Amino acid sequence: MSSTTERVDRKAKKREKIVRTALKLFAKQGFYTTTIPEIAGKIGMSVGNLYNYFSSKEILAQEIIREISAYLGSRIREVNDSDLHVREKIRRIVSIYFETARNEPEMIDFFLRVYLSNREVFHEGCEGMICVNEFVTEIMIFFDDGVANGELKNQDFFSAFGLFMGYLGGMVFLNGERILPRRLESYIDDISENIYNALKVP
Amino acid sequence: MRLLWLSALACNGNAHSLLNYPGFQEWQEDFHWLYHPLLPSRYTFPEIEKGIEGVEVLIVDGTLEEGLIKNRLPYRELLLRYGDQAERIVTVGTCATFGGIFAQGGGGRSGLHFEGDEHLKGYERFWEKTVSLPGCPVQPEVLAGTLSIIRRRDPLPLDTLHRPKYFYAYTIHDGCTRNEYFEYKIDEHHFGTLEGCMFYDHGCQGTFTHGSCNKILWNGVNSKTRAGTPCLGCTEPDFPREGLWRTPKHMGIPARMPLGVPRRAYLGLAGIAKAFRIERFTRPLMEDEGG
Ligand code: SF4
Ligand code: SF4
């Protein structure tokens, strides 16, 4: 490996490390109480060097939401590319969401507690749904296919999107607050069935 | 060059369109009408039925119908006789090409080689020499231009439906003055008062319809989409579709994508474009800055 590619590689790894660490801290303590020196300290790098990677805390937060969106988007894309019946597709998407909430809780926490709660951080650079585009695009494709196959009711996009994603977000939130009496996964069947019943062709 | 124009079930729209060709007088000096339903011709229709010689280009106009008799002879017999005689056949308009509007009105109706996008075999021996000029009606420049190219025996590249690429390789979207609104996903919610793109709500089929309407303007002045009414897709096999002023959608997503554009790519771009609210596109162009 040439020294240039090694350097590029090392930089990419460092960048990834910053994103991971910041994600954890933001998700746990919120955007405002987390500081750049704190993130740098956790990784053992200088504050100045961290700024070489991300010029502000806002830009770092925007990068995080883009990566979460790309991750969820690629998982849902696998579902979209399959030939499953829409009912099973819904089950898979619900499972992906809850699985992510369990295995990567910071991702969903960041989404709910930073991205949705501190909108001012994302106004410039993440206008509209730009930073969650990959995720939203896959949900659109899921709906589009469902309607085209005659399985889902043709309705306003946001009415359907809100019903689906609002429901999942709400459950993860209740889970995070330790209000749910059972494990999150045990709700997958019921929730998928409810979503299917709400969205299917009457 | 000697032309024979035969009309089946037709509204004469294509003939009228040709009369609107700005250079018509000069153009027709190179052509002789053996028969045309509206123009001075060498023969009468009964003489055509009796039989003539010397047809170089047979122009087929209007929807064909099984068992159709125009005067005395079955129309099919005339087509077979003069189709064999002609060097080239031109189906003029969407009716003669794909069936078009008149094919909606009864069974056994089609174009010469197509019923919608289904390729028929009834006149298969003519397929190689046929040129398709769909449009409702055909643009005058497209008909006059194609006949001139045929007369000069210049190369005439065709697409898979045998439409000349010179005129049909483009989409109607090419050259539409509303392209900026398409780019930023701004529909025109008020017919006639605000500029905008009609792809999202108002049924515009310009992005997947082949033709030159926005390159060669109608009457040298305008096109449907420039004027603010959607392209109805009149040059395509599935014309006319139901609900021409509505965009069929699946949960807000246009059911048909621009030609050759993958849905994921389109939706990704649209999501980004929609995020920006660009003031200039939300006001009528003729309104001054102050409002
Ligand atoms: S109105 Fe139609 S032709 Fe014009 S830009 Fe929009 S989609 Fe294209
Ligand atoms: S704009 Fe569309 S509907 Fe109108 S003439 Fe052209 S191709 Fe036909």
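We now turn to the structure provided with this report.

Rules used in this analysis
Residues numbered from 1 in each chain as written. Chains lettered and ligands numbered in written order. Predicted model: local features only at pLDDT ≥ 70, side-chain atom pairs only at ≥ 80, totals over all residues. Heavy atoms only, no water. Core = buried A, V, L, I, M, F, W, Y, C linked by side-chain atoms within 4.5 Å. Buried < 20%, exposed > 50% of the residue type's maximum accessible area, 1.4 Å probe, protein only. Contact = heavy atoms within 4.5 Å. Salt bridge = Lys/Arg side-chain N within 4 Å of Asp/Glu carboxyl O. Helix = DSSP H or I, 4+ residues; strand = E, 2+ residues; numbered from the N terminus. Axes fitted to C-alpha atoms, helices over the stretch in contact; angles between N-to-C directions. Parallel < 35°, antiparallel > 145°, perpendicular 65-115°, else oblique. Left-handed = near helix turned anticlockwise from the far one by under 90°. Nonpolar A, V, L, I, M, F, W, Y, C, P; charged D, E, K, R; others polar. Buried area = accessible area lost by both parts, 1.4 Å probe.

## Re the nonpolar core
Considering soluble globular proteins, one finds that nonpolar side chains tend to be buried as a cluster.
For step 1, the next point in the chain: Ranked by internal contacts, the top residues of the largest apolar core, which has 83 residues, are A:F26, A:L60, A:I65, A:F98, A:F110, A:F143 and A:F164.
For step 2, the next point in the chain: Excluding anything up to four places from it in sequence, A:F26 contacts A:F31, A:T34, A:I39, A:K57, A:L60, A:A61, A:I64, A:F110 and A:V114.

## Thoughts on the pattern of salt bridges
For step 1, the next point in the chain: Per the counting criterion, the structure on display carries 33 salt bridges over all chains.
For step 2, the next point in the chain: Here A:D9 ties to A:K13 by a salt bridge, and the two come within 3.8 Å at their closest N and O atoms. Placement of both A:D9 and A:K13 in helix α1 (residues 3–29) is noted, with a separation of four residues, approximately one turn of the helix.
For step 3, the next point in the chain: What you see here is one network of salt bridges that share partners, running through A:R77, A:D81, A:E138 and B:R264.

## Here's the deal with the packing of α1(A) against helix α2 (residues 36–43) of chain A
All names here are of chain A.
For step 1, the next point in the chain: Put simply, α1 and α2 touch, their axes get as near as 10 Å, and they point 125 degrees apart. Relative to α2, α1 is oriented oblique. Crossing angle aside, the handedness with which α1 passes α2 is right-handed. In this structure, α1 uses K14, K17, I18, T21, A22, L25, F26 and Q29 to contact α2, whose residues at the interface are E38, I39, K42 and I43.
For step 2, the next point in the chain: Its residues assigned to classes, the contact of α1 with α2 shows six nonpolar, two polar and four charged.

## Focus on the interface of chain B and chain A
For step 1, the next point in the chain: Between chain B and chain A, the contact holds 13 residues from the first and 23 residues from the second.
For step 2, the next point in the chain: Regarding the contact of chain B and chain A, the summed buried area is about 1600 Å², with carbon and sulfur atoms giving 61% of it.
For step 3, the next point in the chain: Among the residues of chain B in contact with chain A, B:M251, B:R263 and B:R264 are the three that bury the most area, contributing 50% of the side total.
For step 4, the next point in the chain: Taken together, the links from chain B to chain A amount to four salt bridges.
For step 5, the next point in the chain: For the salt bridge of B:R264 with A:E138, the shortest nitrogen-to-oxygen distance reads 2.6 Å.

Everything listed here is a matter of coordinates, which is why it stays silent on function.
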